[in-house]
Amino acid sequence: MKRIGVLTGGGDCPGLNAVLRAIVKTADEHQIEVIGFRDGFRGVVLNHYLRLTPKEVVGILIKGGTILGSSNRDNPFHFRIEKDGETQYADLSDQAIRHLEQHELDCLIVIGGDGTLSCAHDFIKKGVKIIGVPKTIDNDLSGTDLTFGFMTAIDTATDAIEKLHTTAESHHRIMVLEVMGRNAGWIALQAGIAGGADVVLIPEIPFCLDQVVQKIMERKNRGRHFSIIVVAEGARPQDGEQVVKRIVEGSPEPVRLGGIGGKVASDLEAMTGFETRVTVLGHLQRGGKPSAFDRILASRYGVAAVQLALEGKFGMMTSLQGWEIGAVPIAEVVKELKTVPPEGELVKTARSIGISFGV
Ligand code: F6P
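Residues numbered from 1 in each chain as written. Predicted model: local features only at pLDDT ≥ 70, side-chain atom pairs only at ≥ 80, totals over all residues. Heavy atoms only, no water.

(A) Seen up close, the layout of surface pockets. Its volume calculated, the largest pocket comes out at about 670 Å³. Along its surface, the largest pocket is lined by 42 residues, and Gly 11, Asn 72, Arg 182, Arg 256 and Arg 286 are the ones closest to its centre. If you list the elements that add at least two residues to the lining of the largest pocket, you get α4 (114-125), β8 (174-179), β11 (244-247) and β12 (255-257). The element that contributes the greatest number of residues to the lining of the largest pocket is α4, accounting for 4 residues. A domain split of the lining of the largest pocket shows at least three residues from each of domain 1 (3-148 + 290-322) and domain 2 (152-286 + 341-352). (1 Å grid on protein atoms, 1.4 Å probe; cavity = no way out; pocket = protein on both sides within 12 Å on 5 of 7 lines; lining within 4 Å. Points joined across faces, edges and corners; volume = space filled by probe spheres on them. Helix = DSSP H or I, 4+ residues; strand = E, 2+ residues; numbered from the N terminus. Domains from an automatic or database assignment.)

Below is the structure:
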């Protein structure tokens, strides 16, 4: 093995740089060169790249974001191009493969979530040697207990819930916090448990606002004149739909969710008479330096990815299984999303400590 490529695709998250650093250091140990493609698969299509040596990764362990750049709107199989003042889409996957061949890469390490790994899977079907590393704050990738970036996002969301508590209590208000997570409620659920939320609304358990109102009134009757409601962006009422913020044409995952928090807040204010405010935590969940946990997980994933490449285990993704690092086929990972089991232990734990899911 002489040369490997690497890219970071999809929405960024804390820990990407820690993975890159681990890959470059491990590759260097084995005298393997590393080529880093810029902005995810976009860099492969356009052949935008840089050499990554140990010098390039000095000091990046604790830095958020990614030194390579990322994109969650470029799909090589449906690539956006501006032609004659018009936006068009074309399959440029063969052009991307030619670039990989020109660099004489022994394999490409793809650090990404569901959308990026689905593109990777399409390249695998065309014969490209790929190793995957599971990334996303959403923690919605199958085949791994945890994606890196998730635990840092939980810390950020938990901190927000704690801060909302003090102002909610002072003003006797309902505070609604909308968090990310797409079609999975992992962030809302785990931050809700860690931050002491009263209500958690997640996509996997469609809610009924009357039940949320009942919980708020029960609290009021116990002298608790404030409530904290954590809403996942993908949550929806039993008799309604998810709230879509925008459609990003050409993206591997075109639907961007958002806005349910504002809707829940205004409905609750009308139904309870409590003054209500909404906070949308947004991209703060993706920013900043990785937690110690994520630095360790990201480093383990980076080292394991190079080991898989050395062993010739192409088409596999590194994964956390309990406390061990293992590997699973990317073909299995992209089959279905990992969502919160509605009757699982975490939901039961939340219910036992008094959290309502609005049902
Ligand atoms: O997948 C990560 C994520 O942050 C989701 O939680 C969120 O729905 C989406 O990306 C937001 O995407 P964008 O950065 O395009 O707004």
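(B) Up close: the site of the ligand. Lining the immediate environment of the ligand, one finds Asn 72, Ile 137, Asp 138, Met 180, Gly 181, Arg 182, Glu 233, Arg 256, His 283 and Arg 286. The separation between an oxygen atom of the ligand and a polar side-chain atom of Asp 138 is 2.7 Å. In the environment of the ligand, an oxygen atom lies 2.7 Å from a nitrogen or oxygen atom belonging to the side chain of Arg 256. In isolation the ligand has 400 Å² of accessible area, and contact with the protein removes 84% of it. For the ligand, the cavity whose grid points lie within 2 Å of the majority of its atoms is the largest pocket. Within the shell around the ligand, the residues separate by chemical class into 2 nonpolar, 3 polar and 5 charged. If you count residues domain by domain, the shell around the ligand takes at least three from each of domain 1 (3-148 + 290-322) and domain 2 (152-286 + 341-352). (Near = heavy atom within 4 Å. Polar contact = N/O pair within 3.5 Å; in protein donor to acceptor, adjacent residues only side chain to side chain. Areas by Shrake-Rupley, 256 points an atom, 1.4 Å probe, with all protein chains shown as cover. Sits in = over half its atoms within 2 Å of the grid points. Nonpolar A, V, L, I, M, F, W, Y, C, P; charged D, E, K, R; others polar.)

(C) Main features of the pattern of salt bridges. For the structure shown, the criterion picks out 16 salt bridges. Arg 286 is the partner of Asp 12 in a salt bridge, and the nearest nitrogen-oxygen pair spans 2.9 Å. Remark: Arg 286 occurs in the loop between β13 (276-280) and α9 (292-310) and Asp 12 occurs in the loop between β1 (3-8) and α1 (16-29); sequence separation between them is 274 residues. The class of Asp 12 is partly exposed, set by a relative accessible area of 24%. Under the relative-accessibility criterion, Arg 286 is labelled buried at 18%. Residue Arg 219 pairs with Asp 198 through a salt bridge whose shortest N-O separation is 2.9 Å. Here Asp 198 lies in the loop between α6 (186-195) and β9 (199-201) and Arg 219 lies in helix α7 (residues 209-221), a separation of 21 residues in the sequence. (Salt bridge = Lys/Arg side-chain N within 4 Å of Asp/Glu carboxyl O. Buried < 20%, exposed > 50% of the residue type's maximum accessible area, 1.4 Å probe, protein only.)

What is shown is where atoms sit, not what they do.
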